[in-house]
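Chain by chain, the residues:
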Amino acid sequence: MFVVEVAACSPPRCFIDNTIHHRAGFAFNLQITLWLWFTVLFANFAEAMAEGRGKAQADTLRKAKGETVARRYLPDKQP
């Protein structure tokens, strides 16, 4: 994730530089910049959702552990 974030910082600089100096490739640089930043933002959102879901599942399992009733069977198979 860190590599994508670092790589996403380079195209905006090229995009701004090409815009200032009126160089070709405006649309291409804009598209690459938007796709990389979309990837970064979506990945952060997906990671946050997965973390929240994992915490909720862990809380549910902890709660179920305390409410579970167990019966121990003796060697003669009587409860």
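The preceding data block contains the structure.
What counts as what
Residues numbered from 1 in each chain as written. Predicted model: local features only at pLDDT ≥ 70, side-chain atom pairs only at ≥ 80, totals over all residues. Heavy atoms only, no water. Salt bridge = Lys/Arg side-chain N within 4 Å of Asp/Glu carboxyl O. Buried < 20%, exposed > 50% of the residue type's maximum accessible area, 1.4 Å probe, protein only. Helix = DSSP H or I, 4+ residues; strand = E, 2+ residues; numbered from the N terminus. Expected span 1.5 Å × (residues − 1). Arc of directions from axis to C-beta. Phe/Tyr/Trp six-rings, centres within 6.5 Å; stacked < 30°, edge-to-face > 60°.

## Re the pattern of salt bridges
Right, so step 1: Summed over all chains, the structure comprises three salt bridges.
Right, so step 2: In this structure, the salt-bridge partner of D17 is R23, at a minimum N-O distance of 2.6 Å.
Right, so step 3: On the basis of relative accessible area, D17 is assigned to the partly exposed category, the value being 29%.
Right, so step 4: Linking D59 and R62 is a salt bridge whose minimum nitrogen-to-oxygen distance equals 2.8 Å. Taken as a pair, D59 and R62 lie in helix 2 (residues 26-67) at a separation of three residues, close to a single helical turn.
Right, so step 5: Of the residues examined, D59 reaches a relative accessible area of 45% and is grouped as partly exposed.

## Some thoughts on unusual backbone geometry
Right, so step 1: The residue H22 is not glycine, and still its phi comes out positive at about 55°.
Right, so step 2: Mapped onto the elements, H22 comes out in the loop between helix 1 (2-20) and helix 2.
Right, so step 3: Exposure remark for H22: the relative accessible area of 72% places this residue in the exposed category.

## Some remarks on helix 1
Right, so step 1: Under the 1.5 Å per step criterion, the end-to-end length of helix 1 is 28 Å for 19 residues, consistent within 8% with the ideal 27 Å.
Right, so step 2: Taken as a whole, helix 1 has its buried residues at A8, P11, P12, F15 and N18. The arc that holds every buried residue of helix 1, seen down its axis, measures 130°, which confines them to one face. Exposed residues lying more than 90 degrees from the buried face of helix 1 are F2, V3, R13 and I20.
Right, so step 3: Backbone geometry just downstream of helix 1 places H22 in the positive-phi region, at approximately 55°.

## Thoughts on the packing of aromatic side chains
Right, so step 1: Here the structure, examined in full by the defined rule, presents two aromatic pairs.
Right, so step 2: Measuring from centroid to centroid gives 5.9 Å for W35 and F38, while their planes differ by 90°, and the two rings are edge-to-face. Taken together, the residues span about one helical turn, with W35 and F38 both in helix 2 at a distance of three residues.
Right, so step 3: Classification of F38 by relative accessible area gives partly exposed; the value is 48%.
Right, so step 4: Pairing F38 with F42 gives two aromatic rings, centres 6.0 Å apart and planes at 15°, and the pair type is stacked. Here F42 and F38 lie together in helix 2, a separation of four residues that amounts to about one turn.
Right, so step 5: Taken together, W35, F38 and F42 form an aromatic cluster joined through their ring pairs.

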